[in-house]
Amino acid sequence: MLPIELNINGHRHHLQLDPRTALLDALRENLHLTGTKKGCDHGQCGACTVHLDGQSALACLTLAVMAQGKAITTIEGLAKGDVLHPMQAAFIKHDAFQCGYCTPGQIMAAAALLQDKHARHGSAVEIREAMSGNLCRCAAYPNIIAAIQEAQRA
Ligand code: FES
Ligand code: FES
């Protein structure tokens, strides 16, 4: 076991972890931050998307030890108190989910997209391409695209 310090949503957490522990498992199993979802656990579905220093990252493919020293943001840390992130508000407005399992990952990936100055003003086709790593088995894709376009305008 290794002592590991993680900075998550502005809070420091000290853990003793097997060095092989994925960030996703550290979040869900050790810290009970279950907003980040485990879909495939193989880097193929995007359900586990978080931000590392503001960039999209797959928590299932990131070792917790590699995330030390980075600002980790999960879906639990995206809103500012009671004020939703514009992407969260847009997902609600456009009903961009059905079961909701993929939704935290979709929102985190989409929020990171808005930080990218090239992707920020992208067309629907470009948004689809940029979001192609986030799968939705409920096929809420048209509403997800509409939500992202709304957040782009905002
Ligand atoms: S659980 Fe990480 S990409 Fe599917
Ligand atoms: S809303 Fe059900 S998987 Fe996307």
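Residues numbered from 1 in each chain as written. Chains lettered and ligands numbered in written order. Predicted model: local features only at pLDDT ≥ 70, side-chain atom pairs only at ≥ 80, totals over all residues. Heavy atoms only, no water.

Looking at an unreviewed UniProt entry, one finds the protein chain named (2Fe-2S)-binding protein, with Hymenobacter coccineus as its source organism.

In terms of domain boundaries, the protein chain breaks down into domain 1 (2–77) and domain 2 (86–153). Using only C-alpha atoms to locate each centre, domain 1 and domain 2 end up separated by 21 Å. Contacts between the two partners involve 16 residues from domain 1 and, on the opposite side, 12 residues from domain 2. When residues of domain 1 are sorted by the area they lose upon contact with domain 2, Lys37, His51 and Ile75 head the list and together hold 41% of the total. Where domain 1 meets domain 2, there are six residue pairs in polar contact (both at pLDDT 80 or more). Of the residues forming the side of domain 1 that touches domain 2, the biggest block, three residues, is contributed by strand β3 (residues 49–52). (Domains from an automatic or database assignment. Contact = heavy atoms within 4.5 Å. Buried area = accessible area lost by both parts, 1.4 Å probe. Polar contact = N/O pair within 3.5 Å; in protein donor to acceptor, adjacent residues only side chain to side chain. Helix = DSSP H or I, 4+ residues; strand = E, 2+ residues; numbered from the N terminus.)

The next thing to look at is the sheet that holds strand β5 (residues 71–73). As summarised here, the arrangement of the five strands in space is β2-β1-β5-β3-β4, forming an open sheet in which the pairing is mixed. Sheet topology places β2 (11–17) and β4 (55–58) at the edges, where each strand pairs with a single neighbour. Put simply, the sheet's adjacent strands are angled 40° from each other on average, direction ignored. Against the sheet, helix α3 (residues 103–115) touches β3, β4 and β5, its axis set at about 35° to β3. (Pairing = 2+ DSSP bridges. Axes fitted to C-alpha atoms, helices over the stretch in contact; angles between N-to-C directions.)

Take the pattern of salt bridges next. According to the stated counting rule, one finds six salt bridges in the structure shown. With a closest N to O distance of 2.6 Å, aspartate 18 and arginine 20 form a salt bridge. Residue aspartate 18 is classed as partly exposed on the basis of its relative accessible area of 26%. Residue arginine 20 is classed as exposed on the basis of its relative accessible area, which comes to 68%. Aspartate 25 is paired through a salt bridge with lysine 38; the nearest N and O atoms lie 2.8 Å apart. Within this pair, whereas aspartate 25 is found in helix α1 (residues 23–30), its partner lysine 38 is found in the loop between α1 and β3, the two being separated by 13 residues in sequence. Linked by salt bridges that have partners in common, Asp25, Lys38 and Asp41 make up one network. (Salt bridge = Lys/Arg side-chain N within 4 Å of Asp/Glu carboxyl O. Buried < 20%, exposed > 50% of the residue type's maximum accessible area, 1.4 Å probe, protein only.)

Another point: the packing of α3 against helix α5 (residues 141–153). Closest axis-to-axis distance for the α3/α5 pair is 11 Å, and the angle between their directions is 35°. Crossing of α3 against α5: the hand is right-handed. Here Gln106, Ala110, Leu113 and Leu114 of α3 come into contact with α5, specifically with Ile144, Ile148, Ala151 and Gln152. Here the residues of the contact of α3 with α5 are counted per class, giving six nonpolar, two polar and no charged. (Left-handed = near helix turned anticlockwise from the far one by under 90°. Nonpolar A, V, L, I, M, F, W, Y, C, P; charged D, E, K, R; others polar.)

Nonpolar side chains in soluble globular proteins generally cluster together in the buried interior. Among the nonpolar cores identified, the biggest contains 24 residues, and Met87, Phe91, Met131, Ile144 and Ile148 are the most heavily contacted of them. Going through the elements one at a time, α2 (86–93), α3 and α5 are the ones with two or more residues in this core. Here the element with the most residues in this core is α3; it accounts for seven residues. Filtering out sequence-adjacent residues up to four positions away, phenylalanine 91 remains in contact with Ala96, Phe97, Thr103, Gln106, Ile107, Ala110, Ile144, Ala147 and Ile148. Ile8, Leu31, Val50 and Ala57 belong to the second-largest nonpolar core, a separate cluster that totals 20 residues. (Core = buried A, V, L, I, M, F, W, Y, C linked by side-chain atoms within 4.5 Å.)

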